[in-house]
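Spelled out from the first residue to the last, the chains are:
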Amino acid sequence: MAAHATYSYDVLIIGAGGAGLRAAIEAANAGVSVGLICKSLLGKAHTVMAEGGMAAAMAHNDDRDSWKVHFADTMRGGQYVNNWRLAEIHAREAPDRVRELEAWGAVFDRTPDGRINQRNFGGHRYPRLAHVGDRTGLELIRTLQDHTTYLGVTVHMEHTVIELILDGGRAAGVLAYDRERGRFHLFSAKAIVLATGGVGRAYQITSNSWEGTGDGHALAYRAGAELIDMEFIQFHPTGMVWPPSVKGILVTEGVRGEGGVLRNSEGKRFMFDDIPDNYKPQTASDPEEGWRYTQGDKTARRPPELLTRDHVARCINREVKAGRGSPHGGVFLDIAWIKEKISDAEGHIKRKLPSMYHQFKELADLDITREPMEVGPTTHYIMGGIRVNADTQESTIPGLFAAGECAAGINGANRLGGNSLSDLIVFGKRAGEYAAQHAKKGVVPKVDDGAVDRAIKASLAPFDRGGRGENPYKVQHDLQDTMQALVGIVRTESEMQEAIKRIAGFRERASRVGVDGHREFNAGWHTCVDLRNLIDVAEAIARSAIERKESRGGHFREDFPDKKDEFATFNFGTKRQADGSMTVYRIPLAPIPPELKQVIEEQKQ
Amino acid sequence: MSQATFSVWRSEPGGAGAFKDYTIEISDGMVVLDAVHKIQAEQAPDLACRWNCKAGKCGSCSAEINGKPRLMCMSRLNSIDLTQPVKVEPMRTFPLIKDLVTDVSWNFRVKKGLKKFKPRAADAADGTWRMQQRDIDRVQEFRKCIECFLCQDVCHVLRDHGKHEEFIGPRFFVYSAALEMHPLDTDDRVPDLKQKDNIGYCNITKCCTKVCPEHIHITDNAIIPLKERVVDRFYDPVTRLLRMIGG
């Protein structure tokens, strides 16, 4: 069986969130032909959910800020297992990428002197997040989408990639199906950029949409690319916990940036009880100082609610486990209290946090200007992903590039809020630029018909089994259960070994899934196809997490609760072996140049 | 646990279709999209619907619930009469693909035909601009749009009269207004609004404003000011006279 249609591009981009769109713009501007494939409609990618802002050291609100401070903050947040070069490029280039958005029509909130306004965020020393209320992601994606509209990029919406095809070890093309009719489409390309986002759907409680099934991670892995840092998952401390149907949906860190505080059922601000030593010099000594910080007082230090996400998530987890949680198993996040401090607090909250107000009012029947919210940790982001060259974003497969969440290295063990949107535009641009360069000198690759036929046959197998096969939703649900319970915020060896066993079982069940009906917009079938990706990333997460026998950033081991120096010198890589099994191995960290080391030391004060 | 019945539009290949009833268990805080997902997982795995964020931010799950254009993810069951089956059907202004999924590609084509953002030269030597917050408040209101196309769905010029080839609809009047009122933009869209986009077809019934999940004042803040600009330019006697004299 052959593909219904074939297309050929110089550069093919998979994913139309911030990174994919920014890559498309750069590649199109370089004068090559560009195709863009996305799983949803254009403009619906998960980037729209980003709320707080994008981090860039423009120093508009505090002139002490510079790329060096941003770099040092990012490395500290990542617990020094970041790829230093990625962190350096990111900190240096983010300001230009943000300004460029303004030239393309983005309308950021302003400072009193008319420049782009920047807000405080966890782990960032100075106010650094360019933002638009609490809907910065929507502004980013719409700006890039509208700009792309006029560049001659061909967009294939609602197409899902099921196989990455190589030619002599180089990226050659992909096989995809369209959701509308279920027809297969073959794309050949001289260079391919993966910009597929995250893996949140491997967990039960997640802020991610249905699209976050680790497609890029899994496609690259199955094609033989290296993944790194797969044990590092960010559990965002504040997701909604009630009602059940919205469990996991994000409550922006911006709430805490604007003065919101965390309290347990006893009314205590528990974050003051546990401040890590390396953050003590920068953390407020009492609530009053913390409040002044959120109101822009440059002499004040930040409140402990704005410590890094991994730490805040664990503190919340501890309160809930100790029986000091809220009625629905979270803790209280209170922004309404600021009425003690400012007049017209209600108007202020609605102006600063309009979507949060709206989200709680409509989904939970709760007015955040009057009552505290209930929040708890939610699977939000994966630091791990495809290993890339820091300058070019090329993966370990020639001609295959990756950018955004599916690429790895910049965030180390934990990502700072706000560094994701800036990551998308800094490295989306670089991926597009170098992919275009690669395409210009590249030759037209050959796509092997046999491989295409096999992939088509395999993906149609669920129809042959029909309703008698395993229910794909059930397998997905059981996998999510397992990852949530056994490879979640707090991990131990025995539980993760159990998870590995169960994952093998899910893999076997996934080979028996079946679905009825026809191929047009068949969600059951789509779930069958996505399952394979989820299982691959789940296994990579669990196996890497077993190997890291220490606690660092987003990875917390109950059986090894401390950070260990020996684990600070390498990353864990994950690769598929010839027999199809997964191997996890150590990749030594590149030494940090002395001048950057000095920057880090200076900022430790 | 209580139960509720949902009457969901199911289509056949070729275009025919009918409402089919599904009864499911419901729980606290559920929204219509949860109900559709439950039906999908338990009774009809091939039921087609679009969704992404589940929090009213992406604008994917637009549908008509009991005849009213709404986002399924923001329609709580406790705000709906459950003593009757809840009717869930696709947006009727766009061609049907399957079940609850419609072909909204017309919207993307319309946007392509509109003039793009064209900023003035930078204000500062470093290539940046200065804008005051009060000058962008209105534009930011328009830029809240999540492109759910519910306003297009309910607009009678499109829905009842099918003027898709002559009329761009509320979404793109909001889009045009965001550009026209953008402090940095230098292009002129007023002639297009009159001649090509036919803003005159809109007789300000405000249906679009009523269904907007982002509560954008589409009619009052976008369409009426644009209509005024068209009137000032083309119909104001003093301006016409001045134009005749000035050429």
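Residues numbered from 1 in each chain as written. Chains lettered and ligands numbered in written order. Predicted model: local features only at pLDDT ≥ 70, side-chain atom pairs only at ≥ 80, totals over all residues. Heavy atoms only, no water.

### Quick word on the sheet that holds strand 10 (residues 227-228) of chain A
All names here are of chain A.
Line of reasoning, step 1. Spatially, the 5 strands line up as an open sheet ordered 17-15-10-20-21, and their pairing is mixed. What marks the edges here is a single partner per strand, and that holds for strand 17 (407-408) and strand 21 (582-588).
Line of reasoning, step 2. Note that strand 10 and strand 20 (residues 570-576) share 2 bridges and pair antiparallel. In the strand pairing of strand 20, Ile228 is matched with Gly573. (Pairing = 2+ DSSP bridges. Helix = DSSP H or I, 4+ residues; strand = E, 2+ residues; numbered from the N terminus.)

### Considering the packing of aromatic side chains
The geometry of two aromatic rings is summed up by the distance between their centres and the angle between their planes.
Line of reasoning, step 1. By the definition in use, this model includes 16 aromatic pairs over all chains.
Line of reasoning, step 2. For the ring pair Phe570 of chain A and Phe572 of chain A, a centre distance of 5.2 Å and an interplane angle of 85 degrees mean the geometry is edge-to-face.
Line of reasoning, step 3. Pairing Phe167 of chain B with Tyr201 of chain B gives two aromatic rings, centres 5.9 Å apart and planes at 15 degrees, and the pair type is stacked. Of this pair, Phe167 of chain B sits in the loop between helix 5 (156-159) and helix 6 (169-180) while Tyr201 of chain B sits in the loop between helix 7 (190-195) and helix 8 (207-211), and the two are 34 residues apart along the sequence.
Line of reasoning, step 4. The class for Phe167 of chain B is buried, based on a relative accessible area of 2%.
Line of reasoning, step 5. Through successive ring pairs, a cluster of aromatic residues spans Tyr177, Phe184, Phe463 and Trp525 of chain A.
Line of reasoning, step 6. Positioned above the aromatic ring of Phe149 of chain B, the side-chain terminus of Lys44 of chain A is 5.8 Å from the ring centre.
Line of reasoning, step 7. Here the guanidinium or amino end of Lys87 of chain B rests over the ring plane of Phe19 of chain B, the centre of that ring lying 4.7 Å away. (Phe/Tyr/Trp six-rings, centres within 6.5 Å; stacked < 30°, edge-to-face > 60°. Buried < 20%, exposed > 50% of the residue type's maximum accessible area, 1.4 Å probe, protein only. Lys NZ or Arg CZ within 6 Å of the ring centre and 35° of its normal.)

### With respect to the pairing of strand 3 (residues 62-65) of chain B
Residues in a regular strand project their side chains so that they alternate between the two faces of the sheet.
All names here are of chain B.
Line of reasoning, step 1. Of the two faces of strand 3, the one holding Ser62 and Glu64 and the one holding Ala63 and Ile65 are both buried throughout.
Line of reasoning, step 2. With 4 bridges joining them, strand 3 and strand 4 (residues 68-71) adopt antiparallel strand pairing. When the bridges of strand 4 are listed, Ala63 appears paired with Arg70.
Line of reasoning, step 3. The hairpin turn running from strand 3 into strand 4, its antiparallel successor, is 2 residues long, and Asn66 in that turn takes a positive phi close to 50 degrees.
Line of reasoning, step 4. The pairing of strand 3 with strand 5 (residues 86-89) spans 2 bridges and is antiparallel.

### Looking at the nonpolar core
Line of reasoning, step 1. Val11 and Met373 of chain A together with Phe6 and Met72 of chain B are the most contacted members of the largest nonpolar core, which has 169 residues in total.
Line of reasoning, step 2. At 9 residues, helix 11 (residues 419-441) of chain A tops the list of elements feeding residues into this core.
Line of reasoning, step 3. Mapping this core onto the domain boundaries places at least three of its residues in each of domain 1 (2-102) and domain 2 (105-246) of chain B.
Line of reasoning, step 4. Every residue in contact with Val11 of chain A, bar those within four places of it in the chain, is listed here: Ala27, Val32, Ser33, Val34, Gly35, Ala191, Val193, Ala435, Ala436 and Ala439 of chain A.
Line of reasoning, step 5. Counting residues in hydrophobic clusters, the runner-up holds 77 residues, among them Tyr9, Leu175, Cys528 and Val529 of chain A. (Core = buried A, V, L, I, M, F, W, Y, C linked by side-chain atoms within 4.5 Å. Domains from an automatic or database assignment. Contact = heavy atoms within 4.5 Å.)

### Structural notes on the sheet that holds strand 4 (residues 118-119) of chain A
All names here are of chain A.
Line of reasoning, step 1. Spatial strand order, 3-5-4: 3 strands in an open sheet with antiparallel pairing. Each end of this open sheet is capped by a strand with a single partner; those strands are strand 3 (54-55) and strand 4.
Line of reasoning, step 2. Looking at chain direction, strand 3 and strand 5 (residues 129-130) are connected through 2 bridges and run antiparallel. Counted as the bridge partner of Met54 is Ala130 from strand 5.

### Notes on the interface of chain A and chain B
Line of reasoning, step 1. Chain A puts 62 residues into the contact, and the matching count from chain B is 59 residues.
Line of reasoning, step 2. Interface area, chain A with chain B, both sides summed: about 5100 Å², of which 55% is carbon and sulfur.
Line of reasoning, step 3. Linking chain A with chain B are 6 salt bridges.
Line of reasoning, step 4. Between Arg143 of chain B and Glu139 of chain A there is a salt bridge whose closest N-O contact spans 2.5 Å.
Line of reasoning, step 5. Our enumeration of links across chain A and chain B arrives at 36 residue pairs in polar contact (both at pLDDT 80 or more).
Line of reasoning, step 6. Elements supplying a minimum of two residues to the side of chain A that touches chain B: helix 3 (84-103), helix 4 (136-148), helix 10 (354-364) and helix 15 (523-547) of chain A.
Line of reasoning, step 7. The element contributing the most residues to the side of chain A that touches chain B is helix 10 of chain A, with 7 residues. (Buried area = accessible area lost by both parts, 1.4 Å probe. Salt bridge = Lys/Arg side-chain N within 4 Å of Asp/Glu carboxyl O. Polar contact = N/O pair within 3.5 Å; in protein donor to acceptor, adjacent residues only side chain to side chain.)

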